[in-house]
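If you want the building blocks of each chain, they are given just below.
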Amino acid sequence: VQLQASGGGSVQAGGSLRLSCAASGRPYTINNMGWIRQAPGKERELVAAINWSGDSTYYKDTVKGRFTISRDNGENYLFLQMNSLKPEDTAVYYCAAKTVPTAHTLGDMGSYNLWGQGTLVTVSS
């Protein structure tokens, strides 16, 4: 399976961006999916995740109410709608997927064994 993220860019605080992630190869092996970000000088963090059916989601507290994760299994896409962006949202955002069974839960970054390349989001004040 390959994951290809897109949609990053530069916006001013308060603006919006929509990230997309296309899955190819053997997307039927994908279970949970998520978006992980890494800001300069900081550790990676899971910001949002969604299960296969889309009826269960996880959000990091600092993005709740501003970010919305969704997926289209028919077209093999994952999305992250980001509204009311803040400078502290500046980071490289990675699309990630769980393709092997683990004991990790939806909101546990250890659940995601497959990562795509990142897309840079820059929010200016």
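Our subject is the structure listed above.
Let me begin by describing the structure that accompanies this report. (Residues numbered from 1 in each chain as written. Predicted model: local features only at pLDDT ≥ 70, side-chain atom pairs only at ≥ 80, totals over all residues. Heavy atoms only, no water.)

For the rest of this paragraph, the subject is the pattern of salt bridges. Inspection of every chain in the model, using the stated rule, returns five salt bridges. With a shortest N-O distance of 3.4 Å, Glu45 and Lys60 are connected by a salt bridge. In this pair, Glu45 sits in strand β5 (residues 45–50) while Lys60 sits in the loop between β6 (57–59) and β7 (67–72), placing the two residues 15 residues apart along the sequence. Among the salt bridges present, the one from Arg66 reaches Asp89, with a minimum N-O distance of 2.7 Å. Of this pair, Arg66 sits in the loop between β6 and β7 while Asp89 sits in the loop between β8 (77–82) and β9 (91–97), and the two are 23 residues apart along the sequence. The class for Asp89 is buried, based on a relative accessible area of 1%. Among the ionic contacts, a cluster of salt bridges with common partners joins Arg37, Glu45, Lys60, Arg66 and Asp89. (Salt bridge = Lys/Arg side-chain N within 4 Å of Asp/Glu carboxyl O. Helix = DSSP H or I, 4+ residues; strand = E, 2+ residues; numbered from the N terminus. Buried < 20%, exposed > 50% of the residue type's maximum accessible area, 1.4 Å probe, protein only.)

This brings us to the packing of aromatic side chains. All told, the structure shown has two aromatic pairs when counted by the stated rule. Plain terms: the ring middles of Tyr77 and Phe79 are 5.8 Å apart, the flat faces sit at 5° to each other, and that makes the pair stacked. Residue Tyr77 is classed as partly exposed on the basis of its relative accessible area, which comes to 35%. We classify Phe79 as buried; its relative accessible area is 14%. (Phe/Tyr/Trp six-rings, centres within 6.5 Å; stacked < 30°, edge-to-face > 60°.)

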